[in-house]
Amino acid sequence: MHGSRIAAVGHYQPARILTNEELASMVDTSDEWIRSRVGIRTRHIAGPEEPVDELAAHAGGKALAAAGLTPDAIDLVLVATSTAIDRSPNMAARVAARLGVPGPAALDLNVVCAGFTHALATADHTLRAGAATRALVIGADKMSEITDWTDRTTCVLTGDGAGAAVVEACGPGEEPGIGPVLWGSVPEMGNAVRIEGTPPRFAQEGQSVYRWATTQLPPLARAACERAGLTPADLAAVVLHQANLRIIEPLADRIGAVNAVIARDVVDSGNTSAASIPMALSKLVERGEVGTGDPVLLFGFGGNLSYAGQVVRCP
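Cut-offs and rules
- Residues numbered from 1 in each chain as written.
- Predicted model: local features only at pLDDT ≥ 70, side-chain atom pairs only at ≥ 80, totals over all residues.
- Heavy atoms only, no water.
- Pairing = 2+ DSSP bridges.
- Helix = DSSP H or I, 4+ residues; strand = E, 2+ residues; numbered from the N terminus.
- Axes fitted to C-alpha atoms, helices over the stretch in contact; angles between N-to-C directions.
- Contact = heavy atoms within 4.5 Å.
- Core = buried A, V, L, I, M, F, W, Y, C linked by side-chain atoms within 4.5 Å.
- Buried < 20%, exposed > 50% of the residue type's maximum accessible area, 1.4 Å probe, protein only.
- Parallel < 35°, antiparallel > 145°, perpendicular 65-115°, else oblique.
- Left-handed = near helix turned anticlockwise from the far one by under 90°.
- Nonpolar A, V, L, I, M, F, W, Y, C, P; charged D, E, K, R; others polar.
- Phe/Tyr/Trp six-rings, centres within 6.5 Å; stacked < 30°, edge-to-face > 60°.
- Lys NZ or Arg CZ within 6 Å of the ring centre and 35° of its normal.

A. Structural context of the sheet that holds strand E1 (residues 4-12). Read across the sheet, five strands follow the order E1-E7-E6-E4-E5 without closing on themselves; strand pairing throughout is mixed. A single partner strand is all that each edge strand has here, and the edge strands are E1 and strand E5 (105-109). Going from strand to strand, the sheet's axes swing by 15° on average, the running direction of each strand aside. Two elements, strand E4 (residues 76-80) and strand E6 (residues 134-142), share five bridges in a ladder whose sense is parallel. Across the sheet, Ala80 pairs through a bridge with Gly139, a residue of E6. Packing of helix H3 (residues 52-67) onto the sheet brings it into contact with E1, E6 and strand E7 (160-169), and relative to E1 it is tilted by some 130°.

B. Structural view of the sheet that holds strand E14 (residues 306-313). Here five strands make up an open sheet; going across it, the order is E8-E14-E13-E11-E12 and the pairing mixed. The open sheet has two free edges, formed respectively by strand E8 (182-185) and strand E12 (261-262), since each of these has just one partner strand. The pairing of strand E11 (residues 237-240) with strand E13 (residues 295-301) spans four bridges and is classified as parallel. Paired with Ala237 across the two strands is Val296, which belongs to E13.

C. Region of interest: the nonpolar core. By size, the foremost hydrophobic cluster in this structure holds 48 residues, and its most contacted members are Leu240, Leu297 and Phe301. Every element with two or more residues in this core is listed here: helix H2 (31-38), helix H6 (206-227), E11, helix H7 (245-255), helix H8 (266-269), E13 and E14. Here this core takes eight residues from H6, the largest share from any one element. When sequence neighbours within four positions are dropped, the list of residues in contact with Phe301 reads Cys113, Ala114, Trp212, Ala213, Leu217, Leu240, His241, Ala243, Ile247, Leu251, Ser306 and Tyr307.

D. Local environment of the packing of H3 against helix H4 (residues 91-99). Taken N-terminus to C-terminus, the directions of H3 and H4 make an angle of 55°; their axes are 9 Å apart at the nearest point. With respect to each other, H3 and H4 are oriented oblique. With respect to the hand of their crossing, H3 and H4 are arranged in right-handed fashion. From H3, Val52, Asp53, Glu54, Ala56, Ala57, Gly60, Gly61 and Leu64 reach across to H4, where they touch Met91, Arg94, Val95, Arg98 and Leu99. Residues of the contact of H3 with H4, tallied by class, amount to seven nonpolar, two polar and four charged.

E. Fine view of the packing of aromatic side chains. Inspection of the entire model under this criterion finds two aromatic pairs. When the centroid spacing of 6.5 Å and the interplanar angle of 65° are considered together, the rings of Trp212 and Phe301 count as edge-to-face. Of this pair, Trp212 sits in helix H6 while Phe301 sits in strand E13, and the two are 89 residues apart along the sequence. Like Trp212, the residue Phe301 is buried in the burial classification. The ring of Tyr210 has Arg246 lying over it, and the distance from NZ or CZ to the ring centre is 5.3 Å.

F. Fine view of the packing of H6 against H7. Viewed as axis vectors pointing N to C, H6 and H7 meet at an angle of 30°, and their least axial separation amounts to 9 Å. Looking at the two axes, H6 sits roughly parallel to H7. H6 and H7 meet at a crossing whose hand is right-handed. Judged by residue contacts, Val209, Tyr210, Ala213, Thr214, Thr215, Leu217, Pro218, Ala221 and Arg222 of H6 engage Arg246, Ile247, Pro250, Leu251, Arg254 and Ile255 from H7. Class assignment of the residues belonging to the contact of H6 with H7 gives a composition of ten nonpolar, two polar and three charged.

G. Region of the structure containing unusual backbone geometry. Cis peptide bonds are those with omega within 30 degrees of zero, and the linkage from Ser88 to Pro89 qualifies with 0°. Secondary-structure assignment places Pro89 in the loop between E4 and H4. Of note, the amide linkage connecting Thr198 to Pro199 takes the cis form, showing an omega dihedral of -5°. Structurally, Pro199 can be placed in the loop between strand E9 (193-196) and strand E10 (201-204).

Structure (structure tokens):
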């Protein structure tokens, strides 16, 4: 009942980098067109021999190492993903097996681009309830596998990767490091972002998503700060879902986080769905752009027109 905190983070991206110039040789587009509309210049693409659970396990292993822990310290594994091809074993069980985590509760969450912040809240609630003591929370997606590479409106967006956090219960007297979640959805607009069909393919109504994100989400993000007892001006950083630079920048501006570093990992990584927030947070920590204990707003949004946000303290 004492809350939880993020002990460490880690991330992983495949080695292959796909540039805008290479995309222009595959589909009718250009570097200038892509940069002006979505702000992306490169993305990482996993090969056929790199499944989602491998990406996730690499990120999870780095987070464990950063926390100074061995796999047997974990009793809950949560993986947020929307690109799992098989139904069973689930992604969390496969990641636990790769890492050698003995006997954890292993759950997948599919809330698409808001998956990691939903998973983080689920871990926090589970630890508060005393049902686990330490969780490995991962967002991982292989978007290249569900991308229509002939559709220039969507193929310019997507990339692959994974990000992870070790979350542990706080002791008596310790200040919680994960604030209350604010989450919800707009199910009647769920078709605005889709992964459907056989084989599954990603599609979206870009203008509808842009209008929704930039007009409806700022007050919700501010409310997530209020639940943590902070104002947007108190934030050291804002890590939004890395959907599109043209969404991130106006959304961050309307939140009012005037003193915050704004994560812009989308420029180099593309839209990696559930991986985008933990990956961007891990890079801010790695580069020293945020310090231990700094308050950071994490806010995921997108598929299902779902959203979830909370203020966390940096490890």
